[in-house]
Amino acid sequence: MASRAPDEALHHDTTAVPVGSSLPPPPESTNPVRREARLDRVLDFVSFVAKPMPLSVLLDEAPKRIAAIVQGEIVSLYLLEGEGDALVLRGNVGFPVGARGNVRMSVGEGLTGTAVATRRPVSVVKAPGDQRWRAFPGIDEDRYPVFLAVPILGHDRVLGAIVVQRAGDKAYRPSDVRLLVALTAPIASAIRHAEVLRELRDKKLRRTGGGTRKVTLPGVPLVSGRSLGAVAALRRPATSPQRKATAEDTKLLRTAWASAEKALSSLVGRARTLGLAREAAFLSTYELMIGDLRLRQRAFELVAEGHGVAQALGLVAREGVRAANGIVGDPFMQERARDMEDLCDALVMLATPDARAELPTKAVLIGDRLTVFDLVVSARTHPVGVVLSERASDPRTPVLLRLLGVPSITQVEGLFQWASPGDVALLDADHGFLVINPSRAEMASIRAERKKGKHAPDVSDTNEAEADGVEVE
């Protein structure tokens, strides 16, 4: 990452307003009432950031308070994440909620990246016309061309940036720049999250099997909301030993088939209600398979021949894979074979539940991928959230998560390195964080929100008691 010592001169251009510039500043307001009001807001802000608080509170409240101090219509708080080269918008006032966690840039990219790379403020009157400008679709930034980005400096590295924007054509005054620089100091001390990112870069392994150390993992939010629960890993039914069919197997398979048909029909209806009919078109493949009489007859035929339900459906899935592999270079058939395996797994769990694959209720589910199986089977345990690793690259994933409808984030690096089944976890999908072993204050904030009806998902009474017993640093 390019950097420059704080006492070096700012890069100069016709639109930048560097701190310490020799240009005479515009006259300050002589209205004592306005000046006292601003001082009151600054003192209130300093008092606010000095208090211990959950990271989500800081990300929500700091931009609001800064907006009132510097008269910015848009205020964004970026954090430096990953290997130190990814700037991610985590806190904001003024943009759509979906911008948080999804607006990302590299250090040196755009005006914000320039401020971080040079460790100096960047102020521009007509930001969209600047050659360094980086536009993001869906947030309509062009309406707020007056731009000021200030890096948040830690004791040994940059932690992120504060960006303020507004409409009009009047640049932020040098006094505004100096004030915003000063306000980043208490923010820097409050960003405990930065220490977590340092630990991830240093690859310090946690002890497996649980623990009490608090860890915050960043990700990309897909379904907003916040929830609290015990961690559970997404599972699939294990390969069962061979057994002969019983008199009950035909009835069990028939019941499972009817349940799967009903669940898939419900998912298609939900997709239509949410306006996702086109994106969820892959569900039609499952509907065709569950309604395929030849497939159904083959499964019941195998049960009649003496195979148990799990073995019969396993054979049906393998036959489908062999048929797909026989058609070289046909991606559609390969995908259909995977869908058939997924459907057969769901039918097995609906017919003869595998205790090794069952999930606890009201859990925060973690995994590398999500499939229709999870919407048919895992959803029956009423999870309170879903967290997927960086390996979750299936284009269906965003649609499946929206259909599931619980707080969800993806692209969480080191997920299984830090999270173990049974850990208490706070999922903040408003900003894009998974907090393992959250503090008592963070857990209390979630429960307070639940009582107000803001975020419904939460742990069961049993898990809540376990959460209360977690030791935190």
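To start, this report covers the structure provided alongside it. (Residues numbered from 1 in each chain as written. Predicted model: local features only at pLDDT ≥ 70, side-chain atom pairs only at ≥ 80, totals over all residues. Heavy atoms only, no water.)

Once that is clear, we can look at the pairing of strand E2 (residues 86–93). Buried residues dominate E2, accounting for six of its eight residues. Pairing between E2 and strand E3 (residues 104–106): three bridges, direction antiparallel. Its bridge partner being in E3, Val-88 is matched across the sheet by Arg-104. (Buried < 20%, exposed > 50% of the residue type's maximum accessible area, 1.4 Å probe, protein only. Helix = DSSP H or I, 4+ residues; strand = E, 2+ residues; numbered from the N terminus. Pairing = 2+ DSSP bridges.)

In this section: the sheet that holds strand E14 (residues 433–436). One open sheet holds the eight strands; their spatial order is E7-E14-E13-E9-E10-E11-E12-E8, and the pairing between them is mixed. Sheet topology places strand E7 (215–218) and strand E8 (220–223) at the edges, where each strand pairs with a single neighbour. Direction aside, the axes of adjacent strands within the sheet are offset by 30 degrees on average. Taken together, the three bridges between E8 and strand E12 (residues 408–412) define a ladder with antiparallel strand orientation. Bridge pairing in E12 places Pro-221 opposite Ile-409. (Axes fitted to C-alpha atoms, helices over the stretch in contact; angles between N-to-C directions.)

On to the environment of Gly-160. The topology assignment puts Gly-160 in strand E6 (residues 158–166). Gly-160 sits in the buried class, given a relative accessible area of 0%. As a C-alpha pair, Gly-160 and Ile-187 span 27 residues in sequence and 10.0 Å in three-dimensional space. Those residues within four positions of Gly-160 in sequence are excluded, and the remaining contacts are Tyr-78, Leu-79, Leu-80, Leu-87, Val-116, Pro-151 and Ile-152. (Contact = heavy atoms within 4.5 Å.)

Our next topic: the packing of helix H6 (residues 249–273) against helix H10 (residues 331–351). Interaxial distance between H6 and H10 falls to 8 Å at its minimum, and their mutual angle equals 120 degrees. When the axes of H6 and H10 are compared, the pair comes out oblique. As H6 runs across H10, the sense of the crossing is right-handed. Of the residues in H10, those touching H6 at Leu-252, Leu-253, Ala-256, Trp-257, Ser-259, Ala-260 and Leu-264 are Leu-343, Leu-347, Leu-350 and Ala-351. (Parallel < 35°, antiparallel > 145°, perpendicular 65-115°, else oblique. Left-handed = near helix turned anticlockwise from the far one by under 90°.)

Moving on, we get to the packing of aromatic side chains. Under the definition given, this model contains two aromatic pairs. Taking the centre distance of 6.1 Å and the plane angle of 85 degrees together, the rings of Trp-133 and Phe-147 count as edge-to-face. Of this pair, Trp-133 sits in the loop between strand E4 (122–124) and strand E5 (146–153) while Phe-147 sits in strand E5, and the two are 14 residues apart along the sequence. Given the relative accessible area of 16%, Trp-133 is considered buried. Ring centres of Trp-257 and Phe-300 lie 6.3 Å apart, and the angle between their planes is 45 degrees; this geometry places the pair in the tilted category. Here Trp-257 is found in helix H6, whereas its partner Phe-300 is found in helix H8 (residues 293–304), with 43 residues between them in sequence. Summarising the burial analysis for this pair, Trp-257 and Phe-300 share the class buried. Here the guanidinium or amino end of Arg-65 rests over the ring plane of Phe-48, the centre of that ring lying 4.2 Å away. Above the face of the Tyr-172 ring, Arg-166 is positioned so that its terminal group lies 4.0 Å from the ring centre. (Phe/Tyr/Trp six-rings, centres within 6.5 Å; stacked < 30°, edge-to-face > 60°. Lys NZ or Arg CZ within 6 Å of the ring centre and 35° of its normal.)

Just geometry here; none of it tells us what the structure is for.
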